[in-house]
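# Residue-level structural notes
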Amino acid sequence: QLVDAVSADSLVWRMERLSGEAPVDVGLGEDWILSRHKSQPGNALAAQWVQQEFVRMGYVPQAEIVGTTGANILAVKPGVVHPERKVILCAHYDCMPGGLAAPGADDNGSGTCAVLEAARLLAGHEFEQTVVFALWDEEEQGLVGSAYHAASAAGNDEQITAVINLDAIGYDGDGDGLLRIHARAVGNSMAIKDSMLLVNTLYGLDLPIAVNDPGETYSDHASFWDEGYGAILLIED
């Protein structure tokens, strides 16, 4: 039922606003997110807007300040059996290049919109473990936002049982529909990969999937590998 409830209209509506095709209003009148690069005002505007979207879904989002300019945005759904165990569904919302226009629709508006859509679909459901919907900042500067969060979690001995990172999932240059999973033997990463393959079969998604083992380290999942946590990257080929 949840799979059937995924709304392309919802995804497109958010993408239009994140990529500057339509205006947003965070309380100061209409404005456009023309760039989400860390040096541009659209980055902070995007952070405010995704927080507003989480609030609209019934969450109480938090801004996790990173350095002097960055802000990760987190929406937490506490688990009802093991709230101390966390599953993180994440994407980075910042983008490149550094000019005045950087719509970043695929990289990584696509992952950001998918995380927001998942948050909308799962808002009314309870889970044994805590689910964290995380949108990282400053990925393009070297995984800065996710590295900060992962290091903090490790320093506090937090139990993160899975990290699923979505990056650049909206562009299919050759029409083959191929989904690529990046995993490596860190923590329970390979088991998370196997679960993703099972989901593809169990729910009849029938996506063609290729696995990179060992996976690349160019996106936010690698921040969690660095701390010994299990994580995978989902990306279009």
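Our structure is the block above this text.
## With respect to the sheet that holds strand 5 (residues 82–92)
- On the basis of which strands lie adjacent, the open sheet formed by 8 strands has the order 3-4-6-5-7-10-8-9 and mixed pairing. This sheet does not close on itself; its edge strands, each paired only once, are strand 3 (62–66) and strand 9 (209–212). Across this sheet, the average inter-strand angle for adjacent strands is 25°, counted without regard to direction.
- The pairing of strand 4 (residues 70–77) with strand 6 (residues 129–136) spans 5 bridges and is classified as antiparallel. The partner of Ala-75 across the bridge, within strand 6, is Phe-133.
- Contacting strand 4, strand 5, strand 6 and strand 7 (159–166), helix 4 (residues 105–122) crosses the sheet at an angle of about 145° to strand 5.

## What about helix 5 (residues 144–155)?
- Taking 1.5 Å of rise per residue, 12 residues should cover 16 Å, and helix 5 covers 16 Å from first to last C-alpha, within 8% of that figure.
- Three or more residues of helix 5 are buried, namely Gly-145, Ser-146, His-149, Ala-150 and Ala-153. The buried residues of helix 5 occupy one face: seen down the axis, they fall within an arc of 125°.
- On the buried face of helix 5, the contacting elements are strand 3, strand 4, strand 5, strand 6, strand 7 and helix 7 (221–225).
- Count one or two residues on from helix 5 and you reach Asp-157, which has phi positive near 55°.

## Remarks on the pattern of salt bridges
- Within the structure shown, the criterion is met by 8 salt bridges.
- With a closest N to O distance of 2.9 Å, Glu-53 and Arg-14 form a salt bridge. Of this pair, Glu-53 sits in helix 3 (residues 41–56) while Arg-14 sits in helix 2 (residues 8–18), and the two are 39 residues apart along the sequence.
- Here Glu-53 falls in the buried class, since its relative accessible area comes to 2%.

Calculation notes
- In this convention, every chain numbers its residues from 1, walking through the sequence in written order.
- With the structure being a predicted model, the display of local features is reserved for residues of pLDDT at least 70 and the display and counting of side-chain atom pairs for 80 or more, all residues being used for whole-chain, interface and lining totals.
- Values shown for side chains rest on all heavy atoms present in the structure; no hydrogens or waters enter the calculation.
- Pairing between strands is defined by DSSP: at least two bridges between the two strands are required.
- Secondary structure counts use DSSP, requiring at least four H or I residues in a row for a helix and at least two E residues in a row for a strand, with both numbered from the N terminus.
- What counts as an axis is a line fitted to C-alpha atoms, over the stretch in contact for a helix, and the angles between N-to-C directions run from 0 to 180 degrees.
- Any two residues having at least one pair of non-hydrogen atoms within 4.5 Å are treated as being in contact.
- For a helix, the expected span equals 1.5 Å multiplied by the residue count minus one.
- We call a residue buried when its accessible area falls under 20% of the maximum for its residue type, exposed when it is over 50%, and partly exposed in between, using a 1.4 Å probe and counting protein chains only.
- When we speak of the arc, we mean the arc of directions from the helix axis to the C-beta atoms.
- One speaks of a salt bridge when a side-chain nitrogen belonging to Lys or Arg is within 4 Å of a carboxyl oxygen belonging to Asp or Glu.

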